[in-house]
Amino acid sequence: MRQRIFLLSALLLISFTSPGWTYASTGDLGTIIEGFVTRHFPDATSHMWVVNSAQWDGDEMVVDVYTYVVEKQQPATLENRYLLLIVAGKLTAVQRIPFENGSDCQPEDV
């Protein structure tokens, strides 16, 4: 049992510290999303975001994120859904996705 734990720990350490590791860490992803929300809603008095899913391929990551924002002078919370394209640790594109029921958005068939 100890050998398995040691082996698993060694493999994880090697994979996370290898030069080929290009994925953004969880902290980096949070910083990128937080930066997007604060720039996109500069008048917000408070906000919250939730990652629905994330897919990555090499140094590209697509993040499906929900935002909940309270802006000054607004009686209700603004709810939005976005797809964020992150390449090499930088936000490169954003697309707003309809939040209403009945939208035509479906996963891409591969």
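Further up the page is the structure itself.
Residues numbered from 1 in each chain as written. Predicted model: local features only at pLDDT ≥ 70, side-chain atom pairs only at ≥ 80, totals over all residues. Heavy atoms only, no water.

### Re the pairing of strand 2 (residues 60-71)
- Taken together, the 12 bridges between strand 1 (residues 44-57) and strand 2 define a ladder with antiparallel strand orientation. Residue pairing in the sheet places Ser46 in a bridge with Val70 of strand 2.
- Two successive antiparallel strands, strand 1 and strand 2, enclose a turn made up of 2 residues, where Gly58 displays a positive phi of approximately 65 degrees.
- Note that strand 2 and strand 3 (residues 78-87) share 10 bridges and pair antiparallel. Residue pairing in the sheet places Val63 in a bridge with Leu84 of strand 3.
- Hairpin connection between strand 2 and strand 3: a loop of 6 residues separates the two successive antiparallel strands, and Gln73 in this loop has a positive phi of roughly 65 degrees. (Pairing = 2+ DSSP bridges. Helix = DSSP H or I, 4+ residues; strand = E, 2+ residues; numbered from the N terminus.)

### Considering the pattern of salt bridges
- Within this structure, the stated rule accounts for 1 salt bridge.
- Between Asp64 and Arg81 there is a salt bridge, with its nearest N and O atoms 2.6 Å apart. Of this pair, Asp64 sits in strand 2 while Arg81 sits in strand 3, and the two are 17 residues apart along the sequence. (Salt bridge = Lys/Arg side-chain N within 4 Å of Asp/Glu carboxyl O.)

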